[in-house]
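Notes for the structure review
Chain residues, written in single-letter form:
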Amino acid sequence: MIVFVCIFFLALFVLSLYLSKNALYAPAVIVSGLWSVCLLAFILMDHKLNDPDGAFLIGISIWVGTFCFFSLFAQSLKFNTPFRNAMPSKIARDIYFYFSLATLPFLVISVHEIISSGFIQNPFNTLRIENVKGTTAAFFVVFWMISYVLELYNLSAQNRGRVLLMFVLNLFYAVISLGKTNFLTLFAVTLIILLHKKLIKAKVAFLGAALLFLVFIFIQILRSNAGESLDLNSFIAMYFLSGVPAFETVTPHSNVYFGENTFRFFYAVRYELGLSSIKPVNPVLPFINVPILTNTYTVLYPYYKDFGFAGIAVFGSFAGYVYGWMFRKLQLKDYYFTTIYAILSVGLLVQFMNETIFTLFSQNLQYVIIALIPFVISKYHLFEKKTAGA
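Residues numbered from 1 in each chain as written. Predicted model: local features only at pLDDT ≥ 70, side-chain atom pairs only at ≥ 80, totals over all residues. Heavy atoms only, no water.

**Things to note about the nonpolar core**
The biggest cluster of nonpolar side chains holds 114 residues, and the ones touching the most others in it are Trp35, Phe56, Ile60, Trp63, Val64, Ile146 and Tyr341. Apart from residues lying up to four places away in sequence, Ile146 is in contact with Tyr96, Ile343, Tyr367, Ile370 and Ala371. (Core = buried A, V, L, I, M, F, W, Y, C linked by side-chain atoms within 4.5 Å. Buried < 20%, exposed > 50% of the residue type's maximum accessible area, 1.4 Å probe, protein only. Contact = heavy atoms within 4.5 Å.)

**Brief notes about the confidence of the model for the chain**
Mean pLDDT over the chain: 86, with 88% of residues reaching 70 or higher. In the model of the chain, helix 6 (residues 123–133) stands out as the element of lowest mean pLDDT, 51, in contrast to helix 14 (residues 301–331), which has the highest, 96. (pLDDT = per-residue confidence, 0-100. Helix = DSSP H or I, 4+ residues; strand = E, 2+ residues; numbered from the N terminus.)

**Thoughts on helix 15 (residues 335–344)**
Across the 10 residues of helix 15, 10 count as buried, placing the element largely inside the fold. All buried positions along helix 15 are accounted for by Tyr335, Tyr336, Phe337, Thr338, Thr339, Ile340, Tyr341, Ala342, Ile343 and Leu344. For helix 15, the capping residue at the N-terminal end is Asp334, with a side-chain oxygen 3.2 Å from the backbone nitrogen of Tyr336. (Polar contact = N/O pair within 3.5 Å; in protein donor to acceptor, adjacent residues only side chain to side chain.)

**Notes on the environment of Phe187**
Examined against the element boundaries, Phe187 turns out to sit in helix 9 (residues 180–196). Expressed as a C-alpha distance, the spacing of Phe187 and Ala209, which sit 22 residues apart in the sequence, is 8.3 Å. Not counting residues up to four positions away in its chain, the partners in contact with Phe187 are Ala205, Gly208, Ala209 and Leu212.

**So, the packing of aromatic side chains**
Going through the model one piece at a time under the given rule, you end up with 42 aromatic pairs. Relative to Tyr303, the ring of Trp63 has its centre 5.7 Å away and its plane inclined at 15°; by these criteria the two rings are stacked. Of this pair, Trp63 sits in helix 3 (residues 54–75) while Tyr303 sits in helix 14; the two residues are 240 residues apart in sequence, bridging distant segments of the chain. Aromatic side chains Trp144 and Tyr173 sit 6.0 Å apart centroid to centroid with 70° between the ring planes, which places their arrangement in the edge-to-face category. Taken together, the residues span a long stretch of sequence, with Trp144 in helix 7 (residues 141–153) and Tyr173 in helix 8 (residues 160–177) at a distance of 29 residues. Its relative accessible area of 0% is what places Trp144 among the buried residues. Judged by relative accessible area, Tyr173 falls into the buried class, the value being 10%. Residue placement shows Arg162 over the ring face of Phe97; its charged tip is 4.5 Å from the ring centre. The ring of Tyr153 has Lys197 sitting right over it, with the charged end atom 4.5 Å from the ring centre. (Phe/Tyr/Trp six-rings, centres within 6.5 Å; stacked < 30°, edge-to-face > 60°. Lys NZ or Arg CZ within 6 Å of the ring centre and 35° of its normal.)

**Regarding the environment of Leu199**
Positionally, Leu199 belongs in the loop between helix 9 and helix 10 (202–223). Its relative accessible area of 48% is what places Leu199 among the partly exposed residues. The residues contacting Leu199, other than those within four sequence positions of it, are Leu155 and Leu194.

Structural data, given as structure tokens:
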């Protein structure tokens with residue numbers, strides 16, 4: 001059955017690529033392509049993982065099918081584009097840039113916090129552990145990334161220095177955290193902006209992806225404790241495939257409260273405000289042996305656990321439409337949505353690990369709001385000096 005599902009995904013990939021005018025960064029192309037590669041690897045590799053049964057294959061078929069359909073549907077529609085060809089406020093860009101530089105010391109403080117906590121066996125593994133806990137610099141990451149995207153989109157001879165500085169700042173954060181997602185985010189937003197502006201070709205993007213894969217392997221070697229061996233098959237099985245058999249262990253409709261996994265953000269807000277005594281579920285999921293030890297259950301986990309296959313269909317349709325809507329805005333030259341899509345598209349690239357739309361809802365909301373401010377200032381001519389007689 002897995003072979004037929006893989007063929008179905010490959011067909012969707014070709015169709016999505018055609019309907020998206022060969023845009024490799026279109027949401028339907030990313031999702032169908034990602035799961036095609038994942039299932040191909042599962043079929044062809046000697047991964048030693050438990051084979052998936054009907055539950056995963058049915059669930060992922062529903063997810064990819066509904067996501068691609070509604071994403072492509074949204075891409076076919078006409079939308080109002082309030083920021084079409086609009087540029088972000090130069091004042092706001094300057095504020096974001098200099099604020100990012102001013103908060104650089106917090107990155108140094110984060111390094112100091114990690115060193116002061118002491119190293120556990122492996123200093124590089126400790127960096128990762130502390131990053132998961134959260135560091136002082138974590139609050140400013142949103143500004144750093146948005147400032148980088150705004151400058152990169154406006155890349156010219158005049159702001160190359162700014163682009164380089166913001167790239168290095170974001171790269172430095174990725175290095176000290178040794179978090180693969182941080183590297184992936186920087187890589188993805190860079191490629192999407194450059195591909196969209198036609199500054200690079202597809203083959204450069206593929207070479208970049210190959211380089212990033214090597215970086216991931218190097219990071220894993222650094223984070224491994226002495227005596228631990230690492231081969232390519234084990235690495236791919238652990239980080240890209242283990243979520244498939246892990247999902248098979250999830251019991252549908254096993255939530256205690258309505259949508260507690262899907263809508264964790266809202267439970268957390270109500271709990272912190274004292275409006276509810278229900279504690280939000282722990283976002284760090286339990287480890288399970290499949291037989292590789294993993295705590296990733298794919299993007300399907302919260303929807304399936306709370307609502308079963310119906311939840312996968314509903315939220316697959318919702319996610320597909322939202323991403324397709326953002327991509328359509330990007331096609332219509334809406335600069336604001338180009339910025340947001342470039343950043344939030346990372347969630348599409350990590351679906352084999354976890355869900356990010358609702359799990360990282362707070363951070364996503366910060367991106368949406370903070371990126372919007374420069375465009376609102378520009379659109380309504382805020383903080384501009386009025387000329388005499390105006």
